[in-house]
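# Structural characterization, general
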Amino acid sequence: MTSEGKYADIMQDPLFIQESDEVYRNPTEVKMSQIVLPCHANHCGELSVGQLLKWMDSTACLSAERHAGCSCVTASVDDILFEHTIGVGNVVNIIAKVNRAFTSSMEVGIVVNCEDLYADRQWKVCHAFATFVARRTGAGKVQLKQVPPRTQMEQMEYSLAAERRRMRLIHAETITDLLNSSTAQLGECQEYQDAVPAERTRVESVELVLPPHANHQVSTFGGQIMAWMENVATIAASRLCNAHPTLRSIDMFHFRGPSHIGDRLVLKAIVNNTFKQSMEVGVCAEAYKGGEPLRHINSAFMTFEVLDSDRKPCTVPRIRPEPVDGKRRYQEAVARRKIRLDRKYILSCKQAEVPVSVPWEPSNQMYLSFNNVTALKLMDTRNNWVLTSEKNKVRLYTLEENHMLCFKVEMNVSVAAEQTFHLLSDLRRRKEWDPVYEECEYINQADEEDTLYRVATPSVSKRGNGQDFILLASRRIPCDARDPYLIALRSVTLPTHPPTEDYTRGEVLCAGFTIWEESSTVTKITYYNQATPGVLPYISTDIAGLSSSFSSTFSACSHFLEANKDSPAALPLSALTHSMASLQVDQKHQQEGLA
Ligand code: COA
Ligand code: ADP
């Protein structure tokens with residue numbers, strides 16, 4: 001298991017499954033195995049990350065092209081964390097497969113393992129998600145066919161791919177906003193006597209794009225550009241510490257525009273800031289041909305460490321930034337580091353771990369929302385639910401695993417899916433059907449899709465306190481016809497709403513609704529709730545009582561929805577629809593593709 005937490009599990013699962021007598025293999029899957037030779041390695045005998053990025057990009061591109069049936073280009077590669085270095089003589093095994101196709105783009109999942117042939121041992125090096133875009137034809141944008149998920153794992157990846165795509169497409173804008181707001185609070189850069197002047201680490205290097213660097217369509221391979229970027233970043237990092245640096249992570253790569261054979265690529269790198277045991281190196285890649293102006297191809301931020309002989313990170317020298325741009329980048333590197341650490345913490349929190357609630361702040365909103373939705377999607381794609389009871393057409397399922405009890409309640413209502421989504425999205429109205437929601441206070445609209453509430457529940461004993469919860473509600477409209485409407489709930493902490501004496505502060509790990517359109521008037525609602533280990537012994541002794549209370553609550557929910565099926569929506573969908581507009585695939589085309 002990796003520090004990327006539960007999402008990495010998905011990538012570790014075997015890509016083969018045995019279905020009856022037939023062995024199923026995902027049709028988009030492509031594998032590459034390479035022996036690491038001295039020509040692939042640096043002077044320390046470790047595989048250069050640039051070479052690895054080239055292999056990863058080629059494997060992923062072949063998988064994308066196998067699905068698309070036409071030539072594809074790398075649009076982006078999400079953040080990558082390298083868990084191990086790879087030595088000369090080891091074998092690198094790369095597996096790539098298309099998780100989901102959207103309109104002209106596809107998410108490709110890539111897993112990299114290292115194999116020691118002589119010790120018969122394998123270990124994971126990293127995983128990545130890359131987006132490839134099918135090249136436009138004379139007829140315009142390509143409409144890709146779907147990748148129907150067949151296994152539970154594929155279903156999970158398919159579902160999560162939509163959420164990762166959403167994050168990818170808002171990434172640049174969100175990071176810019178966060179940098180602007182957080183660097184304003186950082187104040188002046190600190191001056192250190194022994195600091196290394198940043199200009200000493202500056203690198204500029206040019207590359208001529210030749211046929212071996214390009215595909216059959218004469219476009220430069222994304223992997224080649226990433227490799228050149230990694231090369232200059234490594235030189236900048238080495239200049240700071242006068243030692244061999246190890247690349248630990250790369251923030252998202254986004255290829256803003258294409259490059260072709262004959263282009264000159266100018267690669268520039270400098271150390272933006274150093275922290276106790278790591279440094280951030282920024283790299284910028286620009287292209288030109290003849291007297292044409294420079295085209296910005298890519299910018300990336302890479303985190304390096306220097307390891308001692310026991311592979312422990314050493315202290316890194318301080319940096320003195322250059323005036324103006326250098327100082328700005330120095331501060332932005334501090335803000336990016338905070339975003340990275342928040343992200344790592346939030347995405348690596350396993351659901352059984354304490355603390356369940358993470359402090360909510362604008363800087364981690366994007367990842368908390370992502371985490372909230374993906375946790376619900378992961379529950380939604382589980383296929384080992386046990387039907388525990390069925391009453392008044394309300395079905396209760398349970399799933400007990402790793403000291404965790406999850407509930408799923410399923411029912412159909414005769415209300416349109418969009419209206420159901422509206423009515424359930426506004427938690428303030430839940431008290432109209434759920435006796436547990438005694439009070440619900442609206443705290444803050446974090447953004448168009450995320451709202452913070454305080455919910456108070458009644459006391460279960462005469463003299464005891466009631467419980468209260470600070471909840472982040474994240475709602476999503478479907479990305480295409482294979483996605484549900486979704487409302488995810490999880491606990492967060494807020495300094496403005498500390499626990500009080502009158503209530504015991506409770507925590508929700510993961511709860512919420514998925515809302516599927518069965519027809520224009522019938523909607524399937526599924527409610528999920530993951531019980532905390534603390535309440536598990538209490539609940540599991542009384543499943544019968546629980547089943548009866550779920551049945552009456554959800555019958556009340558059904559009446560509430562049907563009574564309000566024509567009422568104007570409480571939360572306007574227009575804003576949400578507008579914010580999702582750039583993420584929406586052409587639904588009509590998509591549905592035709594699915595039919
Ligand atoms: N990450 C992931 N996907 C992205 C993206 C990003 N940062 N930016 C755009 N896309 C996706 C869009 O979502 C869209 O997908 P969809 O058709 O499934 O909805 C697709 O790219 C095309 O978007 P569109 O708006 O039609 O085009 P664009 O003008 O935004 O161009 C690229 C997108 C990727 C084609 C363009 O930026 C490009 O050519 N980049 C260089 C690619 C390249 O040559 N790479 C190799 C190394 S240079
Ligand atoms: P920004 O300056 O906002 O960080 P850029 O895309 O211009 O964004 O550059 C990305 C990174 O590339 C910078 O943070 C810096 O580390 C590096 N870089 C940019 N320009 C230069 C340069 N002229 N020399 C060395 N490094 C550079």
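Since this is a predicted model, take the numbers as computed values, not measurements.

## A word on the overall build of the chain
Helices and strands together make up the secondary structure of the chain, namely 11 helices and 27 strands. Taking all 595 residues of the chain together, 55% fall into the buried category. Sequence-distant contacts, at least 24 apart, represent 71% of the contacts inside the chain between residues at least 6 apart. Summed over all atoms, the accessible surface of the chain reaches about 26400 Å², with 52% contributed by carbon and sulfur.

## Section: the nonpolar core
Within the largest apolar cluster, 74 residues are counted, with the highest numbers of intra-cluster contacts made by M56, I110, M279 and M302. Here the element with the most residues in this core is helix α4 (residues 222-241); it accounts for 10 residues. Counting residues in each nonpolar core, the second largest holds 38 residues, with L471, V508, A511 and L561 among its members.

## A few points about the confidence of the model for the chain
Considering every residue of the chain, the mean pLDDT works out to 87; 88% of them sit at 70 or more. Every residue in residues 1-19 scores below 50 in pLDDT, and together they form 62 contacts with partners more than four places removed in sequence or on other chains.

## As for the site of ligand 2
Of all residues adjacent to ligand 2, which total 13 residues, the nearest are R202, N272, S299, R328 and R329. A distance of 3.4 Å separates an oxygen atom of ligand 2 from a polar atom in the backbone of V283. Contact between ligand 2 and S299: an oxygen atom at 2.5 Å from a side-chain N or O atom of the residue. Contact with the protein chains removes 79% of the 520 Å² of surface that ligand 2 exposes when unbound. Of all the secondary structure elements, the ones that give two or more residues to the shell around ligand 2 are β13 (264-274), β14 (279-288), β15 (295-306) and α5 (325-348). Ranked by residues supplied to the shell around ligand 2, first place goes to β13 with 4 residues. Its residues placed into classes, the shell around ligand 2 shows 5 nonpolar, 4 polar and 4 charged.

## Considering the pairing of strand β23 (residues 466-476)
With 10 of 11 residues buried, β23 lies mostly within the body of the structure. Pairing of strand β22 (residues 450-457) with β23 involves 8 bridges; the strand directions are antiparallel. Bridge assignment links T451 to a residue of β23, and that residue is A473. Sheet topology note: the β23/strand β25 (residues 503-505) ladder contains 3 bridges and is parallel. Counted as the bridge partner of Q467 is T504 from β25. Looking at chain direction, β23 and strand β24 (residues 485-493) are connected through 6 bridges and run antiparallel. Within β24, the position partnered with S474 by the bridge is A488.

## Here we look at the pairing of strand β6 (residues 91-101)
Buried residues dominate β6, accounting for 10 of its 11 residues. Inspection of the sheet shows β6 paired to strand β7 (residues 105-116) by 10 bridges, in the antiparallel sense. Opposite A101, over in β7, you have M106 as the bridge partner. Here β6 folds back onto β7, and the loop between the two strands holds 3 residues.

## Considering the sheet that holds strand β12 (residues 253-254)
With antiparallel pairing, the 6 strands of this open sheet are ordered in space as β3-β6-β7-β8-β4-β12. Here the strands that pair on one side only, and so sit at the sheet edges, are β3 (30-35) and β12. Where strand β4 (residues 72-77) meets strand β8 (residues 121-134), 5 bridges bridge the pair, whose relative direction is antiparallel. Within the sheet, the bridge partner assigned to T74 lies in β8 and is F132. Across the sheet, helix α2 (residues 49-68) touches β3, β4, β6, β7 and β8, and the angle it forms with β6 is around 40°.

## Details of the sheet that holds strand β11 (residues 245-250)
Pairing is antiparallel in the open sheet, where 6 strands are placed in the order β5-β11-β15-β14-β13-β10. Looking at the sheet topology across the chains shown, the edges are occupied by β5 (80-81) and β10 (203-208). Where α4 meets the sheet, its contacts fall on β10, β11, β13, β14 and β15, and the angle it forms with β13 comes to roughly 40°. Against the sheet, α5 contacts β13, β14 and β15, and its axis sits at roughly 80° relative to β13.

Conventions and cut-offs
- Residues numbered from 1 in each chain as written.
- Chains lettered and ligands numbered in written order.
- Predicted model: local features only at pLDDT ≥ 70, side-chain atom pairs only at ≥ 80, totals over all residues.
- Heavy atoms only, no water.
- Helix = DSSP H or I, 4+ residues; strand = E, 2+ residues; numbered from the N terminus.
- Buried < 20%, exposed > 50% of the residue type's maximum accessible area, 1.4 Å probe, protein only.
- Contact = heavy atoms within 4.5 Å.
- Areas by Shrake-Rupley, 256 points an atom, 1.4 Å probe, with all protein chains shown as cover.
- Core = buried A, V, L, I, M, F, W, Y, C linked by side-chain atoms within 4.5 Å.
- pLDDT = per-residue confidence, 0-100.
- Near = heavy atom within 4 Å.
- Polar contact = N/O pair within 3.5 Å; in protein donor to acceptor, adjacent residues only side chain to side chain.
- Nonpolar A, V, L, I, M, F, W, Y, C, P; charged D, E, K, R; others polar.
- Pairing = 2+ DSSP bridges.
- Axes fitted to C-alpha atoms, helices over the stretch in contact; angles between N-to-C directions.

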